[in-house]
Amino acid sequence: RGVEFSPTGMSWAGVTTDGLVVYSLDQGLTFDPFELGADITPGAVVQAMTSEHYMEALVGSIHLNEQSLLQRIIESVPTGQIKLIMSTIPFRYIPKLIPYLAQFLSSTIHLQFYMQWVHSLLLYHGRSIQAEIVTLAPGLTALHYAIHEKMGDLSSLTDSNKFKLHYFVMVQQ
């Protein structure tokens, strides 16, 4: 049992018999761990990543529920490992992973890389996702929106390139 204050005085944490309680005046700061254990720390997750234990690192980063760490872990996974990881990750982590994939996909330049994650997600967990569609709907909607947004960007880019190529061919003749 104990109480600790942040150096800024804007938040404090208390450890009780019921667990950890964090209070903060800062609205941007959220600590929302998922099934967190004492052995799951950011350092342990990064160590797992550098040791190329990508599944352990991914699961640990989902437990910590820290966006920047999760993105770092996801982007460190070699493309050849994505299918293996998605085929073996337990479904209980998928509801936490879907909104993050949507968020990362909407702001990344690594489109093909994240689309491989989405493809593997749907390939290996599609039936389970269908069974839980009501609870997963917000994350899936965000994922659909991100994909649709990227598709629109790509389609306008390819149309522009197609018209430019057509123009160059006409000018050259």
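Look above for the structure.
Residues numbered from 1 in each chain as written. Predicted model: local features only at pLDDT ≥ 70, side-chain atom pairs only at ≥ 80, totals over all residues. Heavy atoms only, no water.

Examining the overall build of the protein chain
Piece 1. For the protein chain, the count of helices and strands is 7 helices and 3 strands.
Piece 2. From first element to last, N terminus to C terminus, the protein chain shows the α and β order β-β-β-α-α-α-α-α-α-α.
Piece 3. Against the 2.2 N^0.38 benchmark of 16 Å for 173 residues, the protein chain shows a C-alpha radius of gyration of 21 Å, more extended than a compact globule.
Piece 4. When the backbone C-alpha atoms are referred to their principal axes, the protein chain occupies close to 80 × 40 × 35 Å. (Helix = DSSP H or I, 4+ residues; strand = E, 2+ residues; numbered from the N terminus. Rg over C-alpha atoms; globule rule 2.2 N^0.38 Å.)

Points about the side chain of H125
Piece 1. When you line up the elements, H125 lands in helix α6 (residues 111–131).
Piece 2. With a relative accessible area of 6%, H125 lands in the buried category.
Piece 3. Discounting chain neighbours no more than four positions away, the residues touching H125 are M86, I89, F91, I94 and S120. (Buried < 20%, exposed > 50% of the residue type's maximum accessible area, 1.4 Å probe, protein only. Contact = heavy atoms within 4.5 Å.)

Things to note about the nonpolar core
Piece 1. Judged by nonpolar contacts, the single largest core of 39 residues is most densely connected at L58, I74 and W117.
Piece 2. Elements that contribute at least two residues to this core include exactly α1 (42–50), α2 (54–64), α3 (67–76), α4 (79–88), α5 (94–106), α6 and α7 (133–172).
Piece 3. The element contributing the most residues to this core is α5, with 8 residues.
Piece 4. Those residues in contact with I74 that lie beyond four places of it in its chain are L58, L97, L101, F104, F113, Y114 and W117. (Core = buried A, V, L, I, M, F, W, Y, C linked by side-chain atoms within 4.5 Å.)

Notes on the sheet that holds strand β3 (residues 19–24)
Piece 1. If you walk across this open sheet you meet the 3 strands as β1-β2-β3, and the pairing is antiparallel. In the strand order of this sheet, the two ends are held by β1 (2–5) and β3, each with one partner. Across the sheet, the axes of successive neighbouring strands diverge by a mean angle of 15°, strand direction being ignored.
Piece 2. Across 6 bridges, strand β2 (residues 11–16) lies against β3 in antiparallel orientation. (Pairing = 2+ DSSP bridges. Axes fitted to C-alpha atoms, helices over the stretch in contact; angles between N-to-C directions.)

As for the packing of aromatic side chains
Piece 1. With the rule as written, the count across this model stands at 6 aromatic pairs.
Piece 2. A ring pair is formed by F113 and Y114, whose centres lie 5.5 Å apart and whose planes are at 85°; its orientation type is edge-to-face.
Piece 3. When the centroid spacing of 6.4 Å and the interplanar angle of 70° are considered together, the rings of F113 and W117 count as edge-to-face. Of this pair, F113 and W117 are both found in helix α6, 4 residues apart, which corresponds to roughly one turn of the helix. With respect to burial, F113 and W117 carry one shared label: buried.
Piece 4. Ring pairs connect the aromatic residues Y100, F104, F113, Y114 and W117, which therefore count as one cluster.
Piece 5. Cation over ring: K162 sits above F163, and NZ or CZ is 5.6 Å from the ring centre. (Phe/Tyr/Trp six-rings, centres within 6.5 Å; stacked < 30°, edge-to-face > 60°. Lys NZ or Arg CZ within 6 Å of the ring centre and 35° of its normal.)

Structural notes on a nonpolar patch on the surface
Piece 1. On the surface, a nonpolar cluster with roughly 440 Å² of combined accessible area is contributed by V3, F5, W12 and Y23.
Piece 2. Note on placement: W12 falls in strand β2.
Piece 3. Using a relative accessible area of 34% as the deciding quantity, one classes W12 as partly exposed. (Patch = residues over 30% accessible without salt bridge, like charges linked within 9 Å, V, L, I, M, F, W, Y side chains within 5 Å. Areas by Shrake-Rupley, 256 points an atom, 1.4 Å probe, with all protein chains shown as cover. Salt bridge = Lys/Arg side-chain N within 4 Å of Asp/Glu carboxyl O.)

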